[in-house]
Amino acid sequence: MVITTIETIPVRVPIHEHLAIRAKGGTHAVSPFLLVKVHTEEGITGLGEVSCTPRWSGEDQVTAAHFIASIFQPLLAGQDPRDIEALTLRMRHALYGHPFTKAAIEMALWDILGKSVGLPLYRLLGGPMREFVPTKWSISGVEPRRTAGIASWALEQGFRAMKVKVGIDDAQDIARVREVRSAIGPGIRLGVDANGAWTPAKAIDMLRRLADFDLWFAEQPVPPGDVEWLAEVRSAIDIPVIADESVYTPQDAAALARAGAADVFSIYVGKSSGIGPARRIAAVAEAAGLACTIGSNLEMGIGSAAMIHLAMATPAFGADWPCDIIGPLFYTDELLREPVPIRGGEARAPQGPGLGVELDEEKISRYRVRS
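Residues numbered from 1 in each chain as written. Predicted model: local features only at pLDDT ≥ 70, side-chain atom pairs only at ≥ 80, totals over all residues. Heavy atoms only, no water.

A tally of regular secondary structure across the protein chain gives 13 helices and 15 strands. Against the compact-globule benchmark of 21 Å for 371 residues, the protein chain has a radius of gyration of 20 Å, which places it among compact chains. Relative to its 371 residues, the protein chain shows a buried fraction of 58%. Taking all contacts inside the protein chain whose residues are at least 6 apart in sequence as the whole, residues at least 24 apart take part in 74%. Entry remark: accessible area of the protein chain is about 14200 Å², with carbon and sulfur atoms responsible for 50%. Positive and negative side-chain charges of the protein chain, numbering 37 and 44 respectively, have mean locations separated by a distance of 1 Å. (Helix = DSSP H or I, 4+ residues; strand = E, 2+ residues; numbered from the N terminus. Rg over C-alpha atoms; globule rule 2.2 N^0.38 Å. Buried < 20%, exposed > 50% of the residue type's maximum accessible area, 1.4 Å probe, protein only. Contact = heavy atoms within 4.5 Å. Areas by Shrake-Rupley, 256 points an atom, 1.4 Å probe, with all protein chains shown as cover. Lys, Arg positive; Asp, Glu negative; His and termini not counted. Charge placed at Lys NZ, Arg CZ, Asp CG, Glu CD.)

Attention shifts here to the sheet that holds strand β14 (residues 342-343). In spatial order, the strands read β6-β15-β14; together these three strands make up an open sheet with antiparallel pairing. Pairing within the sheet leaves two strands with one partner each, and these edge strands are β6 (133-134) and β14. As paired strands, β14 and strand β15 (residues 346-347) are joined by two bridges and run antiparallel to one another. The partner of R343 across the bridge, within β15, is E346. (Pairing = 2+ DSSP bridges.)

Overall, the coordinates contain six aromatic pairs when judged by the stated rule. Each ring, one from W137 and one from F159, has its centre 5.3 Å from the other, and the planes form 50°; the classification is tilted. Here F159 lies in the loop between α6 (144-157) and β8 (161-165) and W137 lies in strand β7 (residues 137-139), a separation of 22 residues in the sequence. Neither residue differs from the other here; W137 and F159 are each classed as buried. Grouping aromatic residues by their ring pairs yields a cluster made of W137, W153, F159 and F330. If you follow K271 out to its NZ or CZ, it ends over the ring of Y248, 5.6 Å from the centre. (Phe/Tyr/Trp six-rings, centres within 6.5 Å; stacked < 30°, edge-to-face > 60°. Lys NZ or Arg CZ within 6 Å of the ring centre and 35° of its normal.)

Of the positions making up helix α3 (residues 84-94), those classed as buried are I84, L87, T88 and M91. Along the axis of α3, the buried residues cluster in a sector spanning 105°; they form a single face. (Arc of directions from axis to C-beta.)

This brings us to the packing of helix α10 (residues 250-259) against helix α11 (residues 275-287). Helices that pack against each other are described as a pair by the angle of their axes relative to one another and the distance between those axes. Closest axis-to-axis distance for the α10/α11 pair is 8 Å, and the angle between their directions is 15°. In terms of orientation, α10 lies roughly parallel with respect to α11. When the axes of α10 and α11 are compared, the crossing they make is right-handed. In this structure, α10 contributes P250, A253 and A254 to the contact, and α11 contributes R280, I281 and V284. Tallied by class, residues from the contact of α10 with α11 come to five nonpolar, no polar and one charged. (Axes fitted to C-alpha atoms, helices over the stretch in contact; angles between N-to-C directions. Parallel < 35°, antiparallel > 145°, perpendicular 65-115°, else oblique. Left-handed = near helix turned anticlockwise from the far one by under 90°. Nonpolar A, V, L, I, M, F, W, Y, C, P; charged D, E, K, R; others polar.)

Residue I68 marks the point of greatest curvature in helix α2 (residues 61-76), where the axis turns by about 40°. Of all the positions in α2, only Q61, A64, F67, I68, F72, Q73 and L76 are classed as buried. Sitting at the amino-terminal end of α2 is D60, which places a side-chain oxygen 3.0 Å from the backbone nitrogen of V62. Positive backbone phi, approximately 85°, marks G78, located one or two places after α2. (Bend = angle between axes of the 7 residues up to and from the residue. Polar contact = N/O pair within 3.5 Å; in protein donor to acceptor, adjacent residues only side chain to side chain.)

By themselves, these figures tell us nothing about what the structure is for.
Printed below as a string of structure tokens:
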């Protein structure tokens, strides 16, 4: 089996206006993503998805399509797509950075492998560790008066764990968390996500002020880049700290573990450069006695399926830390023939071979970005 061509399809799918995520970096109201099809001589096609949000990842549809056409297509053509580790290493050496672009190709290679043997991806990764992946809802940094309605909606959908975006304005942050806690009551777990907005001193002050609302965790309270900042915050507060923007690689994970800077790693398939690299980060966490969860860049169906398979088969993703595999719930439409089985509080793995998803070509044509 050999790779013949790699096809890229830019798409733009609207997000429900009332659910659009607002955080420290701005508002995520539409997703211009890049779909990837890795074609083989045998007629098996693998699917991948690049999450294109430049202010967060530094990648967009143009850069992803350019590097796939100019670097990865020539590099991988004629190679056996089932040699995933070898091809992942080739991609890493051929281009610095751009993890979301690399991840799209890598998940497509796993899709091909699964289709070639007729097994869902989580089986190839070692089999299921759990019946389903627990999930939590993410509440945008909107005006505080709107958050109670979003939280109540999430409860109705079945979510029993949530987080609130903070780090935008001190008074509004506090009011937003107060409104959500009031709406969901004392029995629902609630964390905050600052997306690296605070200095260590501000983070400690704000998290102490928010303690009255029975916080479950604080996610990325300070900017990435200096593990000591995160360690300083963790040592000064009484709730677990989740590292997100601080952990892209196994080396990042090892540095955080050595510094005692986090209790939990938020791992993405895209941010990690693929499913295999994400599992290596999870292995570092497990060896250090730390937990893992899966974060979200509002992935659509293909990316979400990859995340579910990863979490289903990897021991470090336990039930204590629900994942953010909720992206498809934000969109006004679906690009798959059958939606990924995600509902309030849980995500289940598609049972078809590979990633277990198929594109709806009519929908692809409708939402395709045409130059």
